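The chain contents come next:
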Amino acid sequence: LRKDIGKVKAGLPKLTSEEVKSYAEKGEVTVDGILLTKGDLVVNRIVDLPEDGSFASNTDSDVVVLLDIRTYPELEAEGLAREFINRVQRLRKEAGLQATDDVDVFYQFEDGTGIEILAAIIKHAETITKAVRCAPADVQKRSPNAVVLIDRRQEIGETGFHLSLTRR
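Here the structure is a predicted model, which means the values were calculated and not measured.

A. Local environment of a nonpolar patch on the surface. Where nonpolar side chains cluster on the molecular surface, the patch consists of Val-47, Leu-49, Val-64 and Leu-66 and spans about 260 Å² of accessible area. Within the element layout of this structure, Val-47 appears in the loop between β2 (34-37) and β3 (55-59). Of the residues examined, Val-47 reaches a relative accessible area of 32% and is grouped as partly exposed.

Okay, here's the thing in structure tokens:
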């Protein structure tokens, strides 16, 4: 094969998909009159991806996986809602609360921030309410007589805000 490597290299692009499939299955293919057997070639599957960067791919010898890596606003909002729930649950744990303890949740975003998180809280209010057992509200709606159990600064992404839990 060494003396014919140039001929083989020039002939490989001319192989049809069917010939490549046959080589992968049977282990033999003829390229420019030169018989290649199992181990002479490595067959890799590739996919031509769009240049807009919307897909990523990976492959092993049997499977090609295409992944849509575009961001979608509705999925981003759902992710923000889940992050918000996570912060509330961590705060409940830090306060030593049990899952059955009823509390109210209040948030306070730093000036000019939190628009995306607030939109996610509104859009996914039912999911959040079910998970944290109350509807989170702006701290301005908290009663001045409320017993604050815990108040901590939180971050989701680069957005900082305060979360507080009060006894119901």
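B. Region of the structure containing the confidence of the model for the protein chain. Across the protein chain, the average pLDDT comes to 91, with 99% of residues at or above 70. Mean pLDDT across the elements of the protein chain bottoms out in β3 (86) and peaks in strand β5 (residues 103-109) (97).

C. Expanded view of the packing of aromatic side chains. What the rule picks out here adds up to four aromatic pairs. Look at Phe-84 and Tyr-107: their rings are 6.3 Å apart centre to centre, the planes differ by 80°, and that puts the pair in the edge-to-face class. On the criterion of sequence distance, the pair formed by Phe-84 in helix α3 (residues 73-94) and Tyr-107 in strand β5 is long-range, its members being 23 residues apart. We note that Phe-84, like Tyr-107, is buried. With a centroid separation of 5.4 Å and 50° between ring planes, the pair formed by Tyr-107 and Phe-109 is classed as tilted. Phe-109 carries the same exposure label as Tyr-107, and that label is buried. Among the aromatic side chains, those forming a connected cluster through ring pairs are Phe-84, Tyr-107, Phe-109 and Phe-161. Taking the ring centre of Phe-106 as reference, the NZ or CZ of Arg-142 above it sits at 6.0 Å.

D. Looking closely at the pattern of salt bridges. On inspection of all chains with the given rule, the structure shows nine salt bridges. The shortest N-O distance in the salt bridge between Asp-102 and Arg-133 comes to 2.6 Å. Of this pair, Asp-102 sits in the loop between α3 and β5 while Arg-133 sits in the loop between α5 (125-132) and β6 (137-138), and the two are 31 residues apart along the sequence. On the basis of relative accessibility, which here comes to 38%, the residue Arg-133 falls in the partly exposed class. Notably, a salt bridge pairs Arg-153 with Glu-110, separated by 2.9 Å at the nearest N-O pair. One end of the pair, Arg-153, is in strand β7 (residues 148-156); the other, Glu-110, is in the loop between β5 and α4 (115-123), and 43 residues separate them in sequence. Its relative accessible area of 42% is what places Arg-153 among the partly exposed residues. Taking relative accessible area as the criterion, Glu-110 reaches 33% and is therefore assigned partly exposed.

The rules we used
Residues numbered from 1 in each chain as written. Predicted model: local features only at pLDDT ≥ 70, side-chain atom pairs only at ≥ 80, totals over all residues. Heavy atoms only, no water. Patch = residues over 30% accessible without salt bridge, like charges linked within 9 Å, V, L, I, M, F, W, Y side chains within 5 Å. Areas by Shrake-Rupley, 256 points an atom, 1.4 Å probe, with all protein chains shown as cover. Salt bridge = Lys/Arg side-chain N within 4 Å of Asp/Glu carboxyl O. Helix = DSSP H or I, 4+ residues; strand = E, 2+ residues; numbered from the N terminus. Buried < 20%, exposed > 50% of the residue type's maximum accessible area, 1.4 Å probe, protein only. pLDDT = per-residue confidence, 0-100. Phe/Tyr/Trp six-rings, centres within 6.5 Å; stacked < 30°, edge-to-face > 60°. Lys NZ or Arg CZ within 6 Å of the ring centre and 35° of its normal.

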